[in-house]
Amino acid sequence: MASLLASPALAQGPESSPTGNAAVNQTTQVEYPTLSAAVEAAQDGQTIQLLRDEVVSGAGKGKNQAAVTITADIVLDGAGHTITTDGFELDGSGNPQIHVITVQESAQVTIRDLAIEGSASTKHGINVWAAGAGDAVTLTLEDVAIRNCGTAGMVVNHSSVTA
């Protein structure tokens, strides 16, 4: 999957939070205002590190989408920070519909040193999704805590997770 590279000027633009950017690509040294933007720009083999606690938004996301979607072979280093949620809505039946993080498209990913704090309106903390065995995701979790998600902390489909 092709990914867009943010220029340092764009990545550090006025949309940055008053407390600083949320994440840095350790490989390129480009900082991003949100974790989602950093992960979206990441390419295979790169490491994204959180620089602070991050509130991820479910605004504009539909059923079974995620606030952060990982499709590249990357390392997500939480650096001891916590991801919390905002704007995650329930579906018409009152059920959670949006994940915090989804890992998909045959990605080989390591997530380490991270806490995910969901809410009653968070579907899954981490959704590890592959349509079939040929699209399997390989996820390694190192010192990751997932708490208080509305449906499940983690769901795995046609993939492998090592913790």
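Counting restarts for each chain, with residues numbered from 1 along the sequence as it is written. Only residues with pLDDT of at least 70 get local features here, since the model is predicted, and only at 80 or more are side-chain atom pairs given and counted; chain-wide, interface and lining totals rely on the full set of residues. Calculation of side-chain values draws on the structure's entire complement of heavy atoms; hydrogens and water are dropped beforehand.

Caption draft 1: Focus on the pattern of salt bridges. In the sections that follow, a salt bridge refers to a side-chain nitrogen of Lys or Arg positioned within 4 Å of a carboxyl oxygen of Asp or Glu. All told, the structure shown has four salt bridges when counted by the stated rule. With a shortest N-O distance of 3.1 Å, Arg-52 and Glu-54 are connected by a salt bridge. The closest approach of N and O atoms between Arg-112 and Asp-77, which form a salt bridge, is 3.7 Å. Taken together, the residues Arg-112 in strand 8 (residues 108-117) and Asp-77 in strand 6 (residues 75-86) connect sequence positions 35 residues apart. Secondary structure elements follow DSSP: runs of H or I no shorter than four residues count as helices, runs of E no shorter than two count as strands, and numbering proceeds from the N terminus.

Caption draft 2: Fine view of the sheet that holds strand 11 (residues 152-157). Note on pairing: two strands pair once DSSP finds at least 2 bridges between them. Across the sheet, which stays open at both edges, the four strands sit in the order 5-7-9-11 with parallel pairing between neighbours. Strand pairing shows two members of the sheet lacking a second neighbour, strand 5 (66-70) and strand 11, which therefore form its edges. With strand direction ignored, the average angle separating the axes of adjacent strands in the sheet is 15 degrees. Every angle, taken between N-to-C directions, lies between 0 and 180 degrees, and every axis is a line fitted to C-alpha atoms, over only the stretch in contact when it is a helix.

Caption draft 3: Molecular detail of the nonpolar core. We define a nonpolar core as any set of buried Ala, Val, Leu, Ile, Met, Phe, Trp, Tyr and Cys residues linked to one another through side-chain atoms lying within 4.5 Å. Partly exposed describes any residue whose relative accessible area lies between the buried limit of under 20% and the exposed limit of over 50%, with all areas from a 1.4 Å probe on protein chains only and scaled to the type maximum. Membership of the largest hydrophobic core comes to 33 residues, with the highest contact counts inside it found for Leu-35, Ile-70 and Ile-101. Sorting the residues of this core by element identifies helix 2 (35-41), strand 3 (47-50), strand 5, strand 6, strand 7 (99-103), strand 8, strand 9 (124-129) and strand 10 (138-147) as the ones contributing at least two each. The criterion used for residue contact is that any of the two residues' heavy atoms lie within 4.5 Å. Not counting the four nearest positions on each side in its chain, Ile-101 is found in contact with Ala-66, Val-68, Ile-70, Leu-76, Ile-83, Leu-114, Ile-116, Gly-125, Ile-126 and Asn-127.

Caption draft 4: Quick look at the confidence of the model for the chain. Residue-level confidence of the predictor is summarised by pLDDT, bounded by 0 at the bottom and 100 at the top. In this model, the chain carries an average pLDDT of 88, and 88% of its residues clear a pLDDT of 70 or more. Confidence over residues 1-19 falls short of pLDDT 50; this stretch has 29 contacts with residues more than four positions distant or in other chains.

Caption draft 5: Broad picture of the side chain of Glu-54. With respect to the helices and strands, the residue Glu-54 is situated in strand 4 (residues 54-57). The exposure class assigned to Glu-54 is buried, which follows from its relative accessible area of 4%. Throughout this description, a polar contact denotes any pair of N or O atoms lying within 3.5 Å of each other; where both atoms belong to protein, one of them has to be capable of donating a hydrogen while the other can accept it, and for residues adjacent in sequence the pair is counted only when both atoms sit in side chains. Here the side chain of Glu-54 touches Leu-35 through a polar contact of 3.0 Å, landing on its backbone nitrogen. With near-sequence residues (within four places) excluded, Glu-54 lies in contact with Ala-22, Thr-34, Leu-35, Thr-82, Ile-83 and Thr-84.

Caption draft 6: Representation of the pairing of strand 9. Strand 9 sits mainly inside the fold: five of its six residues count as buried. For strand 7 and strand 9, the ladder comprises three bridges, and the chain directions are parallel. Bridging across to strand 9, Ile-101 finds its partner in Ile-126. Pairing geometry for strand 9 and strand 11, over five bridges, is parallel. Bridging from a neighbouring strand, Ile-126 pairs with Met-154 of strand 11.

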